[in-house]
Structures are given as C-alpha cells and as structure tokens.
4 protein chains.
Amino acid sequence: MSTIQHTPFIDDVHRFEDTRCIAIDRVGIKDIRHPLTILGRDGSSQSSVATFSMCVDLPHHQKGTHMSRFVAMLNSDIDALDINNFAHTAHAMAKRLEAGHGYLEAAFPYFVRKKAPVSGVSSWLDYQVTVTGIWRDGEADTCLQVVIPVTSLCPCSKKISEYGAHNQRSHVTLTVRPVAELWIEDLIDLVEKEASCELYGLLKRADEKYVTERAYNNPKFVEDTVRDIASRLEADARVGYYKVETENFESIHNHSAYAMIERHK
Amino acid sequence: MSTIQHTPFIDDVHRFEDTRCIAIDRVGIKDIRHPLTILGRDGSSQSSVATFSMCVDLPHHQKGTHMSRFVAMLNSDIDALDINNFAHTAHAMAKRLEAGHGYLEAAFPYFVRKKAPVSGVSSWLDYQVTVTGIWRDGEADTCLQVVIPVTSLCPCSKKISEYGAHNQRSHVTLTVRPVAELWIEDLIDLVEKEASCELYGLLKRADEKYVTERAYNNPKFVEDTVRDIASRLEADARVGYYKVETENFESIHNHSAYAMIERHK
Amino acid sequence: MSTIQHTPFIDDVHRFEDTRCIAIDRVGIKDIRHPLTILGRDGSSQSSVATFSMCVDLPHHQKGTHMSRFVAMLNSDIDALDINNFAHTAHAMAKRLEAGHGYLEAAFPYFVRKKAPVSGVSSWLDYQVTVTGIWRDGEADTCLQVVIPVTSLCPCSKKISEYGAHNQRSHVTLTVRPVAELWIEDLIDLVEKEASCELYGLLKRADEKYVTERAYNNPKFVEDTVRDIASRLEADARVGYYKVETENFESIHNHSAYAMIERHK
Amino acid sequence: MSTIQHTPFIDDVHRFEDTRCIAIDRVGIKDIRHPLTILGRDGSSQSSVATFSMCVDLPHHQKGTHMSRFVAMLNSDIDALDINNFAHTAHAMAKRLEAGHGYLEAAFPYFVRKKAPVSGVSSWLDYQVTVTGIWRDGEADTCLQVVIPVTSLCPCSKKISEYGAHNQRSHVTLTVRPVAELWIEDLIDLVEKEASCELYGLLKRADEKYVTERAYNNPKFVEDTVRDIASRLEADARVGYYKVETENFESIHNHSAYAMIERHK
C-alpha cells in the first residue's frame, strides 16, 4: 500500500476510458490453486486444495478490471468454504471489484470416510466437487456439482450370457441448484443408493464378495441410472434445477456409454 | 446381420417397456476416436483423428437406446466431415436411432499451412476444433468452436516499464452458430488479425524480430482481445450467436487471465 | 533464405561461445502436433496426427542449438513414418543439427480394423502408440510403445462370489526395443491373446454374449496378465528389451491395480 | 477382522502357488487420492491432497500380492509426510507386504508464501511435487521432484529486436536424489534464482514493473537455464544424482522449447 505512494508515477491503464461500447460478460482470473478448508455436513471441516476461477462483469466504458484484487481477496479472505454460503462470497467479491455481477468457482477433491459393507473397515473415498457462487442482478445463486464414481453392471450382458456380466467404473456427475440447505454428502448418499453398487477405498474378501453379488443383482444401463436418480431428485424439496449425467467407461469397448437428464423444477 | 437370424433367442433388453415415466434428454456414446477427413475452405481435404460424442433423446416409455447403431453409423457412414453440412448428419443419425433429436459432436486437430511474415517459409499450425451438429424439433443447427493460440502482450506492463513488456501464449476460444456458409479458416483469420500477434510453427530470425516488435506495438489485455473480436463478429453477417473467450497463460503468474463476451444476434 | 541475405545485421545468438563448460544431454522442441502417415504391417498406410519431440545433444562450448531446424525438418522431410526405419530419421536429424546424438519421438493414435467375434461386423479400434528413434554414439536404436486397452476380470472376485465377477477396462502398456522387423500390429496381437478378453468398437448381442462369457472363463489378476505377456515376449526373437505394464481401472475401487515386469534379454 | 472368522470359506486366491517362474518387478496400486500433511523446512506443516502409487516386488512362486494392505496402510499409517524420512515409510510398506523391495510415490501441490519484490504483499504460489521412497536390497533411497514455474525471456528475440522480447511461462522440473537433509523449499530457492524471473501469485503495479524489467535484463534460453541450475547443483553437497529439465511454452509458437541435463555425482 505505502509503495503506491512512493510510486505515484505509475499509470493505471485499467482505469482508462473505453470507447468501443462493448460490455464484457465475465473477466477475471482462472486456474489458480489455493489451499482451502471445507465445512462438512456433520459440522467438521477438512483441508483440501482448490482450483479457483473468479470473474465479474465489466461495463462498456471501462478498459479493464482490477485483476490483482481477485488474488488479494483469495489470499486474505477465503479460508473456509461453506457451500451453503458461497453465493455471499461471490457478492463480496463483486463489491470489492466494484462490479454488478460476480462468478466465483472452486473445484476440489472432497473425502468421505466410508465403512466397508461387511467387515466394516473404514477408508477414505474421494469425490471431485465444483461449487459456483453467483451474484447477478442483486440475487444470489449457488450451483453444486459432484462427480460420484460408482460400479455399473450391464443388464443386457447379464440377460444374454450364461454366466457373468460386464461391469465397469462409471462417473455420475450431478449438478444442482439448491433451494434449501444441501451438503455434498447429501448428493453422494442419493447417488450411491441408485448405482449398481457403490465404491470403497478398502475392501476385505468378504466385502469383495458382497459388492460383486450386489452389482450382479442390481444391473443398470446408463438410462436406468439417470432415471432412478432423477426420480429421487424430483422428490427432494431441497433441489431446484438439476442435471444428472452418467458415463460408463465400458469394459468391453474403448469408449463410454452416456446419458443425461436435465430439469428446471 | 445373418448372425442375428442364427441367434433368435437373444433378448433385446433395450426394447423393453419403461414405466418410470421419465424421458431422457440425451443418451448415446462418448469419447470414441475415429479417423476422419475434413473438407477445407479451399476445396481441399485433410486427414485428422476425431473424438466423437453421439447422442439422441429417448422417450419415457422406452427402456434403452440402440447403442451399437451409433458405432455402426460411425464406421460405415462418416468418412468426410463438411462443417456446413454437419447438422444433416445429425438428422440422419436421429433417424437411424428412431429418435426425435440428435446431437453429434466431433473434436479434432485441424492444420493450416502458414507462411512466416518476412522470410515466407511455410509450416503447419494446429488448431483444436469442435463441431456440433444438432437436429431438434425438426430444425437443424450447427455450432462451431475453434481454439486459436496467439501471442498476447500486456499494455500495463509495457506502459509502466522502462523497457520490455510481459507477454505469453494465449488461447482464444471462439464458438459460433453460423447462419450462412462459414469455414474454420474464416474464424482463424478473424481472430489472428485481432491478437497482439499470431503464432507460426517455423520462424527465421528476421521473422522472430518481426513478431517480437509486432506484439510490442500491439499490446492487448484479455478485455481488449475479446472486445476487438466481438466487434468483428457483430459486423459479420454469417455469424448468429457467438461466444468469445480469451485465456492468457500469464508469464508473470502461475494462473490465467480470462475474459468472455457472449451475444445472441 | 534470400531474406537472410537482406538482413545480414541479425546476430545469431545461438552460435555464441559458451564458457560454462557444461554439455547438454538433450535440447530441442516438444509437443508439436503434425499430420503424419504411418506404414502398417500389411503394406497399407493410414493417416494420423502425431505429437513430436525432437532433441539432440549440445557440446559444452556452444551456447544454443538451431531450434528452427527441427521444425523445418518436420515440415519438409517427415511425411510417412516407418517404425522399422525410424532410428535412421533420428540419425538424419542429428546430422542436420550438426549433433552427435538424436532423439526423435512421435506419439499418435493408431487404428486397427477388427471383426466382432461372432457376427463378424467390423469396426475401428484405436491404440495409443509412441515410437522413439535414437541415434547415439554411431548406433541406431528404436523403442516402440503401444497402449492396448483390454478387459480384465478378477479371479478372486469370481472365486469367492456365488455369481458374477468384477471386471473393468485395463491398459496394457508394452514397451519394446525390437532387434528385428516388428510392427505395431504384432504387439497388439500378442497382448490381446493374453487378456481376459479383447475390446471391440462394435458388438452385436451375440458378440456381447461371447465377450462376457470369454472374460468370465478367463479371469486374470494384473500379476497374471504381465506374466503371461512376459512369457510370450521371452519366446519372441524379434524382441530385445521389454517392459510390460498393466493397469486395471478397478470397477469396485476409485483407484487402479498395477503390475510391471521389465527385462533386458 | 472378526468378519474373516465368520467367513472361513473364502479362498485367498492371491496366496496360491504360481508355476510360471516369472518374478514381478512391481505390483500394487496406482492413482489413489489421499489427504496428507507435509512437513516444511521451517518446521511448520501444511495440508494437501496427494496421489499415491504403492508397489512392491513379487517372487516368482507367489500368485498375487496383498492389494488391500496398501490401502489399509495408507488409511491407518500415513498422515504426515517428511520428505527426509520417506524411504523408511517405503521400508515399512515392504515389510507389511512381506516383500523385498518397496516403491512408494506421492504427488501433491505444495504451497509457498511469497512476498512481492517491491510492495511486499504476500500470496501463495503452488508447486507440483513428487517424492518417491524406495527400499531395495536393504538400502533406502529417496527421489524428490519439483516442478517450478518461472518466466523465461528469449536472448535472441531481445538481441535482434529494436524493442521488446518474447517471453513466456516455463516449467523447470528438477529431480534429485538427496544425500543429506534437503527440503522442497531448497530446490525452489535454487531454481528461482537462476530463472529470467520468478513468479508470484499477487503483484502490485510497482512489482509488475520490477518483474518486467528484471526478465528483460536477464534473458535466458532453455540451454542457459539448465546450465545455470546444473552449475548450482554441482556445487551443492546435499545433492547426489540430479536431472534438470526446462520447458518454455513459447509465446511465439504453439510448441515448447526444451532442454535437459542429467548427472550422477
């Protein structure tokens, strides 16, 4: 700060007038990594590393935004992330940048401690989460996306084969706009119940037997998975808009099967 | 084909009735690599390798789509890609899948032969292209995206420094919906003219002097780049919707500067 | 060329004397994309897009290498890639750069037309290939790496479960130094025979039944897969050094199982 | 544990005898994400998220390794990572797996708090670190790799141009085997001093002027950067083997310039 007083001769090019008469929808910084604490459903908090994108709008008469303020804010004001309060951080960012709109995105791995289904041994499982806080036209909005890795087992393969059925790891990507308090863990719970089987970091042999048979008893196409999850989301009053995508990394092909349902409630 | 006659006992699970009453927006295959010929503006064609996504919708009463038909169509019918006719391929795909909507996407590197600005030596430059053909409610639509790598030089750094100015490689990502014939090369030409300087595969020393001085004489913030390109797109009658994004891989930071303008004309 | 005569005042900094007395092992260019034709085992050729790295050594007394010569060579001399002659291209590169050693690497997707096991329908399958030509101390050497995607089925899961068995897509990465003529297709054939099952782009229902049962009848740990492939490689007189790696993208975990055997014959 | 007693009928396929007579060099798990605390040079510790690979060897007569023990160990025993003690964790892993050799790798982003050169404002900068602990033939070995992003400015471009000089972000990848106590921060300090300029998360205008002029006054080819760093490493008694690589993401091309020096001291 005091440095600026010592160097009053340094032009601030960003503040120049712009005459092209073109407003900019979003301007800011992208792909900056930052340590972060995330508040969990049970009141605990966990450390992670997030990749941030931070943008505001820019009116037509202004040449540039204040790029360094985004980084300053990240380094001074953003320690702990509360999913259910993130849009207000986007609002604070817009104010600091003297802007009307704010778009604040954080992407990070999130860990949940899970118990194996038979032995009960516990281990971490990681989920990739992206939360976006939006401040636009005086309204706060939050968008929460979680990628939930699961097992999928093919109903057709099971039906037509004498024994066995091809199965594989799948990614269910669930994107929602909450209209009430909603946690990462809520989305994970909802999705894992609807998969052929859920994943675990650590499985003993008795657990491996369980998950193998559970998947075989519960075959689902990508179409089934997105429908069953959509059905649950329709009934969940905390969820407004949602988009559910399933991608099966097919074990019999070198490409994926994919399905998507998107609804505005 | 004849095989199916020999194995009439194999159930077709996909054709079963579905009772969940949930229509699926998109279902199909994703991330399948395929050799492809692409038609260029000058009438020539070039070979490339594309990654395809192929989806249709699925009505609520049908359990599954016909996954193998996508791959069959890719292997028998899609050899040459004409950007300006791609929505009709999406239409053909929807028909083959007995579906109302079709979404056909191909992403591939595209090469342009460029001449160095002083020496005139020629070399290839590669651009990442994604073209999406959409058939929806009886209407054909195409979306063309090109990532154009350029040099950007910072006006602030130039203005405040006694000598030099930080510069870096940037990606301009231009996404448009053409309303008339439009080629990949048209978008590349438009963007490269508005960058601090364009890139080349091969430069002799006289060329290196030229591009260094050209960038220094032509400093642009991310804000300037998207505005200057948007200004050109506004005036181009072949372009309907457009979105222009610029990302500077800042040479003085470990993160990017970013700006975006999106307009429906 | 003539341009250089018009600009005789341009210093060639790379040719300056260096006094730090430190030789450089490798210097050159990296990650340059280029269209390429690849010669196949059956005499045919296919178009692909390769990512090249091109390096030479630099003696201690020379300040810099001739960066633009790599790109010039790529744009004028490298059209068609013959795996079995690639080390000589590395030699030509070293000569053109006035260097003692040359390291020339091309990575590209390679397509093989496969017939489904029952129906016989044909489709492309893609394999990622990296070929390295080395010219060092007057000797030519080639290193060929192919990533072969396959199905793996877990023997433990099959043994302990009443029905079903977890399976998944796996990558077998085979790296060899040929001592006689050897083709990409040879390595693919060798590996696919030793997997629980091979992959196909297009499968009809009768084929899907076949591959499901074939994998169930042929369970393999990562340990089994690398051992069975190593056993074949030991017996193959065309192969000198080899390294075989298998990575199973476990369908019951969110991590991979991995095994590796490396031998100098 | 008690579960195993309830299910004594579950075969342990991994313990079966193997008759192929082929020992396996490495077998284990790959790409498992795990929260981790890392001990810093100043005695503090920071939270990060690591991607682990954990492998041991397997004698020829044993069918499979104990895959679940790797995950069990990760979830119970590995909380805090001390770079200078990591090979002993590899030893403990080998013992737990009843193996002769152990290879334990953790890759994670590491943050250093830096002060801007003129204004003194502080911000985090992130570095990608990979540490490998090896236990082999009764000897412990550690390998430490840090990717340090810096600014590089081209001496040729500066020399031949009337004004300006092309510059860009570069990655210096330094891999060393320490023979005495050595910290991530030591490698970062060493490399940043030898770059055209170091990077910062947050720069005020006075700082931006400083880094622009500093880079212009300090031009370096990839060849210069690796030589200057190698020169420092030769003189550092804590460093045994080293490999230094520099990759410049050229602002005037769509490819990188690259140089590498590797020495066994």
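Check the entry above for the structure.
The shown structure was predicted, so the numbers you read here are calculated from the model rather than taken from an experiment. (Residues numbered from 1 in each chain as written. Chains lettered and ligands numbered in written order. Predicted model: local features only at pLDDT ≥ 70, side-chain atom pairs only at ≥ 80, totals over all residues. Heavy atoms only, no water.)

**Q** Just to check I follow, could you spell out the overall build of chain A for this structure?
**A** Counting its regular elements, chain A contains 7 helices and 10 strands. With the principal axes as the frame, chain A shows a C-alpha extent of 80 × 40 × 35 Å. Taken over 265 residues, chain A has a buried fraction of 65%. Counting only contacts in chain A whose residues sit at least 6 apart along the sequence, the fraction spanning at least 24 positions is 64%. In the form shown here, chain A has an accessible surface area of approximately 9600 Å², with 47% of it arising from carbon and sulfur atoms. (Helix = DSSP H or I, 4+ residues; strand = E, 2+ residues; numbered from the N terminus. Buried < 20%, exposed > 50% of the residue type's maximum accessible area, 1.4 Å probe, protein only. Contact = heavy atoms within 4.5 Å. Areas by Shrake-Rupley, 256 points an atom, 1.4 Å probe, with all protein chains shown as cover.)

**Q** Can you walk me through the relation of the copies chain D and chain B in this structure?
**A** Both copies of the chain are related by one operation, a rotation about an axis with a shift along it. Of the two same-sequence chains, chain D is brought onto chain B (RMSD 0.0 Å, axial shift 0.0 Å) by a rotation of 180°. Those values place the two copies in the arrangement expected of a two-fold rotation axis. The fraction of interface residues of chain D whose copies in chain B are also interface residues reaches 100%, indicating that both copies meet through the same surface. (Least-squares fit on C-alpha atoms with pLDDT ≥ 70 in both.)

**Q** What exactly am I supposed to notice about the interface of chain B and chain A here?
**A** For interface size, the figure often reported is the accessible area lost on association. At the interface, 52 residues of chain B touch 51 residues of chain A. Sorting the residues of chain B by area buried against chain A places Lys30(B), Arg227(B) and Tyr258(B) first, and these three jointly supply 17% of that buried surface. Counting across the chain B and chain A interface gives 12 salt bridges. At the junction of chain B with chain A, the criterion picks out 36 residue pairs in polar contact (both at pLDDT 80 or more). Among the secondary structure elements, those contributing two or more residues to the side of chain B that touches chain A are strand 1 (24–39), strand 2 (45–58), helix 2 (67–77), helix 4 (155–160), helix 7 (222–234) and strand 10 (256–263) of chain B. (Buried area = accessible area lost by both parts, 1.4 Å probe. Salt bridge = Lys/Arg side-chain N within 4 Å of Asp/Glu carboxyl O. Polar contact = N/O pair within 3.5 Å; in protein donor to acceptor, adjacent residues only side chain to side chain.)

**Q** Please clarify how helix 6 (residues 205–216) of chain D should be interpreted in this entry.
**A** The α-helix winds at 3.6 residues per turn, so residues separated by three or four positions along the chain end up facing the same way. All names here are of chain D. Given a rise of 1.5 Å per residue, 12 residues ought to cover 16 Å, and the 17 Å separating the end C-alpha atoms of helix 6 matches this to within 8%. Among the 12 residues in helix 6, 9 count as buried, and that is most of the element. Within helix 6 the residues assigned to the buried category are Ala206, Asp207, Glu208, Lys209, Val211, Thr212, Glu213, Ala215 and Tyr216. (Expected span 1.5 Å × (residues − 1).)

**Q** What is the right way to look at the relation of the copies chain B and chain A in this model?
**A** For the pair chain B and chain A, the relating rotation is 180°, the translation along its axis is 0.0 Å, and the fit reaches an RMSD of 0.0 Å. A shared binding surface is used by both copies, with 98% of the interface residues of chain B retained as interface residues in chain A.

**Q** Whenever I open this one, the environment of Lys114(C) confuses me. Can you help?
**A** Residue and element names in this part refer to chain C. Within the secondary structure, Lys114 is located in strand 4 (residues 102–115). What makes Lys114 buried here is its relative accessible area of 8%. For the pair Lys114 and Leu125, spaced 11 residues apart in the sequence, the C-alpha separation amounts to 6.9 Å. Ignoring any residue separated from it by four or fewer positions in sequence, one finds Lys114 in contact with Val121, Ser122, Ser123, Leu125, Tyr127, Glu192, Glu198, Leu199 and Tyr200. Within the structure, the side chain of Lys114 is placed 3.0 Å from the side chain of Glu192, a separation counted as a polar contact.

Keep in mind these values describe shape, not function.
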